[in-house]
Amino acid sequence: MPTSPLSSAKAARAEIAARLDAMKKDAGLTGDELAVRCGWHKSKSSRIARGLTAPSDADIRAWCAACGSEDQASDLISASRSADSMYVQWRQIHRDGMRRIHEKTLPLYQRTRSFRVYASNVVPGMLQTAGYATGLLRSITDFQGTPDDVGQAVRARTERSSVVQNAGRRFAILVEETVLYYRVADNAAMAAQLGRLLSVMAQPNVSFGIIPRGVRRTVWPLEAFYAFDDELVAVETLTAEINISTPSEISTYHRAFAELAKLAVRGATARACITKAIDSLG
């Protein structure tokens, strides 16, 4: 089972540090000697080699040149940029508002054929109504203190979510039952959102399951995550999005999803859960 969504990012950064350290040793250099060749303080090479400081593109080029391995620079820079993209703080992602991230990820949604989505906190974005999304994105904007483009972001999210209507794509979606009760919007918007879930459940390309609150857990509640084919798993935490592309970790999330799916109810029982949540709105 997944232990920490930060593990891929940490492992990728550690691998880059190890490759640079090995390159230094293969060149017969000490850390101090490499620092002199690069024009750095001696502590910088040590921190990079131990994975304490992430090297810039220029740092990697200088390191490779000092070791006589310029041919490896482009590959290491590519790996370093990939590691940087694995863990990105929401404040950085939303620095210009939330519309752009929806537009940026649209190609990923459009090329994905099989989605696995586990939601433990809010209704998955691809199933959100405009009213629900407005309430949620308003809260996020206020909490993060980022630029307010909620209206534009909701429209971009709605456009991205149109993939659910494509019969050529498959959606396996699991939500914790508590998600149905978290009132991130007003009662009217919540009722419309829950009604939307009832209609989506009828689509032949959607498998929708609800994990009951009282079920005996064999898998503990996890952070919300989206799995896009075998290409990527995006994990959402309070402060950041973690993008996992390592095959072994993607496989682990797929296995966790399969185990969580065993806990879920579907069909008439799931519809009864949603109807009960609607009734609780009063």
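The preceding data block contains the structure.
Residues numbered from 1 in each chain as written. Predicted model: local features only at pLDDT ≥ 70, side-chain atom pairs only at ≥ 80, totals over all residues. Heavy atoms only, no water.

A.B. asks: Whenever I open this one, the packing of aromatic side chains confuses me. Can you help?
C.D. replies: Tallying each qualifying case throughout the model produces eight aromatic pairs. Seen in terms of ring centroids, Tyr-109 and Phe-115 are 5.8 Å apart; in terms of plane orientation they differ by 45 degrees. Their pairing is tilted. Its relative accessible area of 6% is what places Tyr-109 among the buried residues. Overall, the relative accessible area of 1% leaves Phe-115 in the buried class. (Phe/Tyr/Trp six-rings, centres within 6.5 Å; stacked < 30°, edge-to-face > 60°. Buried < 20%, exposed > 50% of the residue type's maximum accessible area, 1.4 Å probe, protein only.)

A.B. asks: In this structure, what is going on with the pattern of salt bridges? I would like to understand it.
C.D. replies: Side-chain pairing between opposite charges can occur once the charged atoms of the two side chains come close. Evaluation of the coordinates by the stated rule reveals eleven salt bridges. Here Arg-19 and Asp-75 are joined by a salt bridge, their closest N and O atoms 2.5 Å apart. In this pair, Arg-19 is assigned in helix α1 (residues 7-26) and Asp-75 in helix α5 (residues 73-86), connecting sequence segments 56 residues apart. Arg-213 serves as the salt-bridge partner of Glu-177, at 3.8 Å between the closest nitrogen and oxygen. Of this pair, Glu-177 sits in the loop between β3 (170-176) and α10 (187-200) while Arg-213 sits in the loop between β4 (206-211) and β5 (225-228), and the two are 36 residues apart along the sequence. Among the ionic contacts, a cluster of salt bridges with common partners joins Asp-21, Lys-24 and Lys-25. (Salt bridge = Lys/Arg side-chain N within 4 Å of Asp/Glu carboxyl O. Helix = DSSP H or I, 4+ residues; strand = E, 2+ residues; numbered from the N terminus.)

A.B. asks: Before we go on, may I ask you to explain unusual backbone geometry in this structure?
C.D. replies: Positive phi, close to 50 degrees, is recorded for Asp-229, a residue that is not glycine. Assignment of secondary structure puts Asp-229 in the loop between β5 and β6 (232-236).

A.B. asks: I would appreciate a short explanation of the pairing of strand β7 (residues 240-244) in the present structure.
C.D. replies: Looking along a regular strand, one sees side chains alternate from face to face of the sheet. For β7, a buried count of five out of five residues is recorded, marking the element as mostly surrounded by other parts of the structure. A two-sided burial pattern is seen for β7, the buried positions comprising Ala-240, Ile-242 and Ile-244 on one face and Glu-241 and Asn-243 on the other. The pairing of β6 with β7 spans four bridges and is classified as antiparallel. Each bridged residue has a counterpart across the sheet, and for Val-235 the counterpart in β7 is Ile-242. (Pairing = 2+ DSSP bridges.)

A.B. asks: Any chance you could explain the environment of Pro-212 here in plain terms?
C.D. replies: By secondary structure assignment, the location of Pro-212 is in the loop between β4 and β5. Assessed through its relative accessible area of 19%, Pro-212 is described here as buried. Sequence separation of Pro-212 and Ala-264 is 52 residues, and the distance between their C-alpha atoms is 6.8 Å. Beyond its immediate stretch of four places on either side in the chain, Pro-212 contacts Glu-177, Leu-263 and Val-265. (Contact = heavy atoms within 4.5 Å.)

A.B. asks: Mind showing me how you'd approach the nonpolar core here?
C.D. replies: Across soluble globular proteins, nonpolar side chains show a tendency to be buried alongside one another. By size, the foremost hydrophobic cluster in this structure holds 38 residues, and its most contacted members are Met-126, Leu-127, Ile-173, Phe-208 and Ile-210. With five residues, the single largest contributor to this core is α10. The residues contacting Ile-210, other than those within four sequence positions of it, are Val-175, Glu-177, Leu-180, Leu-263, Ala-264, Val-265, Ala-270, Cys-273 and Ile-274. Counting residues in hydrophobic clusters, the runner-up holds 20 residues, among them Ile-16, Ile-60, Trp-63 and Ile-77. (Core = buried A, V, L, I, M, F, W, Y, C linked by side-chain atoms within 4.5 Å.)

A.B. asks: I keep staring at the environment of Asp-59 and nothing clicks. Help me out?
C.D. replies: Topologically, Asp-59 is positioned in helix α4 (residues 57-66). Given the relative accessible area of 11%, Asp-59 is considered buried. Asp-59 has contacts with Trp-40, Lys-44 and Ile-48, leaving out every residue within four places of it along the chain.

A.B. asks: Help me understand the environment of Leu-197, please; the structure alone is not making it clear to me.
C.D. replies: Looking at the secondary structure, you find Leu-197 in helix α10. Each C-alpha atom of the pair Leu-197 and Pro-124 lies 10 Å from the other, and the pair is 73 residues apart in sequence. Discounting chain neighbours no more than four positions away, the residues touching Leu-197 are Val-123, Leu-127, Leu-180, Phe-208 and Ile-274.

A.B. asks: I keep staring at the packing of helix α8 (residues 130-144) against helix α9 (residues 150-160) and nothing clicks. Help me out?
C.D. replies: Any two packed helices are characterised by how steeply their axes cross, that is the angle between the axes, and by the distance between the axes. Contact pair α8 / α9: the axes reach a minimum separation of 9 Å and the direction vectors enclose 130 degrees. Taken together, the axis directions place α8 and α9 in an arrangement best described as oblique. Handedness of the crossing formed by α8 with α9: right-handed. Taken together, the residues of α9 that come into contact with α8 (itself represented by Ala-130, Ala-133, Thr-134, Leu-136, Leu-137, Arg-138 and Thr-141) are Val-150, Ala-153, Val-154 and Arg-157. (Axes fitted to C-alpha atoms, helices over the stretch in contact; angles between N-to-C directions. Parallel < 35°, antiparallel > 145°, perpendicular 65-115°, else oblique. Left-handed = near helix turned anticlockwise from the far one by under 90°.)

A.B. asks: Please clarify how the pairing of strand β2 (residues 114-119) should be interpreted in this entry.
C.D. replies: With six bridges joining them, β2 and β3 adopt parallel strand pairing. Note that in β3 the partner of Tyr-118 across the bridge is Leu-174. Across four bridges, β2 lies against β5 in antiparallel orientation. In the sheet register, Val-117 faces β5, and the bridge partner there is Tyr-226.

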